[in-house]
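Fold and geometry: a report
For reference, the chains in residue letters:
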Amino acid sequence: MRNGLQWLVGLAIVATLAGCSVAPRAPDTPARPAATPPRELGPLTGSLAHPKSRWVPVGWSELPGFGDDPLHEAWIALLANCARPNAAFAPLCREVRQLAIATPEEQRQWMTERLQPYRVESLAGSSEGKLTSYYEPVYEASRVPTAAFNIPIYQAPDGLVPRRPWYTRQEIETLPEAQAALRGREIAWMADPIDALMLHIQGSGRLRIIEANGVQRTVRVAYSATNEQPYKSVQQWLIGQGVTKIGKWPDDTKAWAAQNPQRVTQLLWSNPRYVFFREETMSELDAAFGPRGAQGVPLTAGRSIAVDRDSIPYGTPVWLASSGPAAQLQKLVVAQDTGSAIVGAVRADYFAGTGADAGRLAASMNQPLRLWALWPRQTPAP
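Starting afresh in each chain, residues are numbered from 1 along the sequence in its written order. For a predicted model such as this one, the threshold for reporting local features is a pLDDT of at least 70, and the threshold for listing and counting side-chain atom pairs is 80 or more; totals across whole chains, interfaces and linings nevertheless cover every residue. Computation of side-chain values: all heavy atoms of the structure, hydrogens and water removed.

1. A closer look at the overall build of the protein chain
As a reminder, the rule being used: Only DSSP runs of H or I with at least four residues qualify as helices, and only runs of E with at least two residues qualify as strands; both kinds are numbered from the N terminus onward. Only the protein chains shown count as covering a residue, and every accessible area follows the Shrake-Rupley method with a 1.4 Å probe.
Within the protein chain one finds 12 helices and 14 strands. Of the accessible surface of the protein chain, which amounts to about 16,200 Å², a share of 52% is contributed by carbon and sulfur atoms.

Shown next as structure tokens:
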């Protein structure tokens, strides 16, 4: 089996030449606790059950827009999926690779022959849910603290225990013992506290770091751990303070902070959760993809979603339909990530991509959703 990012990038280039144009986290949702996988992973193991949803078999004609989606754009996500498929999808991966440069019509025919659509519903029978979005931000940073860059981004401290609460955000910034535990754990320093908060909320991002010798390079910082404190929305805190214009995240929050500099610390401390990161070097091949999701494979802009894995197993192709002010979406995506706020049967977080344009789309996405799981035929639906 050919694997790794080089294989995926080569196919991404083919897809681009064929006409691919990939479309660019909810604005204030908790950072997703992604896995920390090794570079190469085998097939997923474990339960494929879905205790929070029921799947109802339907015909392909029920899927809105199925005949119009340029499937070659989604095939990159399916190929990434085959680096670590679930047990049901793994037998199809050889065919998926063979169809990487097929026409959309051939890919569509393969799907109708090899997959069965199931409408995803809640246990109460509702097929309506909610779609939000997340993205990978890009920020300027410095390897050493300066007058301008003075907001630290930390690695996880030694002795952090999963599911055991550590110091709150306020305590991390004020208590000598918390500061001592983090001394020397700084990855980099950012300039804007709201940008640093946004990085915590998204759970991963890219930093254009100025090194101590003045050279600039781009690295990826990925979720490593949290302090296991409860997440509190700073937007809800602002509403509680009587602030009404906060619909455009993070611009309105930054505007409020500029007008109320003496209260910025109070704003930040309203959310006790704190996120720690790990640094990942990024080659040109890595830069062509998003961060690794909880499935352990790189996310594909516009074609990867985060789901509640108690509703849809990782590695499941999904037909997504959502209509709202942010976007009109009828397309093939793959369940490749999760998030602590992504809970329920018909619930998804759409990976919009990397950078400012993706961030604007992610910040505006909060609209109705319907989902259909596409499961291999002659394989019992979990």
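2. A closer look at the pattern of salt bridges
We count it as follows: In the sections that follow, a salt bridge refers to a side-chain nitrogen of Lys or Arg positioned within 4 Å of a carboxyl oxygen of Asp or Glu. Each residue is assigned to one of three classes by its accessible area relative to the maximum for its type, calculated with a 1.4 Å probe on protein chains only: buried under 20%, partly exposed between the two thresholds, exposed over 50%.
Under the criterion given, the structure shown has 18 salt bridges. Its salt-bridge partner being Arg119, residue Glu121 comes within 2.9 Å of it at the nearest N-O pair. Salt-bridge contacts for Glu279 lead to Arg143; the nearest nitrogen and oxygen are separated by 2.9 Å. Within this pair, whereas Glu279 is found in strand E9 (residues 275-281), its partner Arg143 is found in the loop between strand E4 (138-142) and strand E5 (151-154), the two being separated by 136 residues in sequence. Exposure remark for Glu279: the relative accessible area of 32% places this residue in the partly exposed category. Here the salt bridges share partners, and the residues they tie into one network are Arg54, Glu62, Arg119 and Glu121.

3. Things to note about the pairing of strand E3 (residues 129-136)
In regular strands, side chains alternate between the two faces of the sheet. The condition that has to hold: Any two strands with at least two DSSP bridges between them are considered paired.
The buried fraction of E3 is high, at six of eight residues. Direction of pairing for E3 relative to strand E14 (residues 366-376): antiparallel, over a ladder of four bridges. Residue pairing in the sheet places Lys130 in a bridge with Pro368 of E14. Across six bridges, the pairing between E3 and strand E13 (residues 347-354) is parallel. Opposite Lys130, over in E13, you have Arg347 as the bridge partner.

4. Quick word on the layout of surface pockets
Applied cut-off: In the cavity and pocket records, a cavity denotes points on a 1 Å grid over the protein atoms alone where a 1.4 Å probe fits but cannot get out, a pocket denotes an open set with protein on both sides within 12 Å along at least 5 of 7 lines, and lining residues are residues with an atom within 4 Å of a point. Grid points are joined across faces, edges and corners, and a volume is the space filled by probe spheres set on the points. Here the term charged refers only to Asp, Glu, Lys and Arg, the term nonpolar to Ala, Val, Leu, Ile, Met, Phe, Trp, Tyr, Cys and Pro, and the term polar to all other amino acids, Gly among them.
One number sums up the size of the largest pocket: a volume of about 350 Å³. Lining the largest pocket we find 18 residues, and of these Tyr135, Pro250, Asp251, Ala356 and Gly359 sit closest to its centre. Secondary structure elements with two or more residues in the lining of the largest pocket: E4, helix H7 (193-202), helix H9 (251-259) and helix H12 (356-364). When the residues that make up the lining of the largest pocket are grouped by side-chain class, the tally is nine nonpolar, four polar and five charged.

5. As for the environment of Trp319
Our working definition: The term polar contact refers here to a pair of N or O atoms within 3.5 Å; inside protein, the definition further demands a hydrogen-donor-capable atom paired with an acceptor-capable atom, and it admits residues adjacent in sequence only when both atoms are side-chain atoms.
As for its position among the elements, Trp319 is in strand E11 (residues 317-323). Among the residues examined, Trp319 registers a relative accessible area of 0% and is labelled buried. Between the C-alpha atoms of Trp319 and Leu332, which are 13 residues apart in sequence, the distance is 4.7 Å. Within polar-contact distance, the side chain of Trp319 engages the backbone oxygen of Pro64 at 2.9 Å.

6. Thoughts on the state of the cysteines
Heads up, the rule is: Disulfides are defined as pairs of cysteine sulfur atoms found within 2.5 Å of each other.
Applying the stated criterion across every chain, the model contains one disulfide. Here Cys82 is linked by a disulfide to Cys93, with a sulfur-sulfur distance of 2.2 Å. On the sign convention where negative is left-handed, the bridge of Cys82 and Cys93, at about -90° about the S-S bond, is left-handed. Placement of the pair is Cys82 in the loop between helix H2 (71-81) and helix H3 (93-98) and Cys93 in helix H3, with a sequence separation of 11 residues. Each member of the pair Cys82 and Cys93 is classed as buried.

7. Notes on the packing of aromatic side chains
Heads up, the rule is: In this analysis, rings of Phe, Tyr and Trp, with Trp reduced to its six-membered ring, are considered paired at centre separations within 6.5 Å, and the interplanar angle assigns stacked below 30 degrees, edge-to-face beyond 60, and tilted for intermediate values. Any Lys NZ or Arg CZ found within 6 Å of a ring centre and within 35 degrees of that ring's normal is scored as a charge over the ring.
Under the defined criterion, the tally for this structure stands at 11 aromatic pairs. Measuring from ring centre to ring centre gives 5.4 Å for Phe66 and Trp319, while their planes differ by 70°; the resulting arrangement is edge-to-face. Within this pair, whereas Phe66 is found in the loop between strand E1 (53-57) and H2, its partner Trp319 is found in strand E11, the two being separated by 253 residues in sequence. Between Trp166 and Tyr167 the ring centres are 4.8 Å apart and the planes differ by 70°, which places this aromatic pair in the edge-to-face class. Among the residues examined, Tyr167 registers a relative accessible area of 24% and is labelled partly exposed. Across the ring face of Phe66, the terminal group of Arg108 is positioned such that the distance to the ring centre comes to 5.8 Å.

8. Digging into the nonpolar core
In summary, soluble globular proteins display a tendency toward joint burial of nonpolar side chains. Our working definition: In this text, buried Ala, Val, Leu, Ile, Met, Phe, Trp, Tyr and Cys residues form a nonpolar core when linked through side-chain atoms within 4.5 Å. We call two residues in contact when some of their heavy atoms are within 4.5 Å.
Ranked by internal contacts, the top residues of the largest apolar core, which has 58 residues, are Leu131, Met190, Leu199, Leu207, Ile305, Leu320 and Leu371. Ranked by the residues each element gives to this core, the list is headed by H7, at six residues. Apart from the residues lying within four places of it in its own chain, the contact partners of Met190 are Tyr139, Glu140, Ala141, Ala148, Phe149, Asn150, Ile151, Ile153, Asp195, Ala196, Leu199 and Leu207.

9. Here we look at the side chain of Ser133
Inspection of the secondary structure assignment puts Ser133 in strand E3. A distance of 2.7 Å separates the side chain of Ser133 from the backbone oxygen of Tyr350, its partner in a polar contact.

10. Brief notes about the packing of H2 against helix H4 (residues 104-114)
The test is simple: To obtain an axis, a line is fitted to C-alpha atoms, over the contacting stretch when the element is a helix, and the angle between two such axes runs from 0 to 180 degrees between their N-to-C directions. Each angle receives one of four descriptions, namely roughly parallel if under 35 degrees, roughly antiparallel if over 145, roughly perpendicular if within 65 to 115, and oblique otherwise.
For the pair H2 and H4, interaxial distance at closest approach is 9 Å and the crossing angle is 60°. The angle between H2 and H4 places the two elements in the oblique class. Of the residues in H4, those touching H2 at Leu71, His72 and Trp75 are Pro104, Gln107, Arg108, Trp110 and Met111. By residue class, the composition of the contact of H2 with H4 is five nonpolar, two polar and one charged.

11. Quick word on the pairing of E11
With six of seven residues buried, E11 is to be regarded as a mostly interior element. As paired strands, E11 and strand E12 (residues 328-337) are joined by seven bridges and run antiparallel to one another. Its bridge partner lying in E12, Trp319 is registered against Leu332. Two successive antiparallel strands, E11 and E12, enclose a turn made up of four residues.

Note that every value here comes from positions in space, so none of it alone points to a role or purpose.
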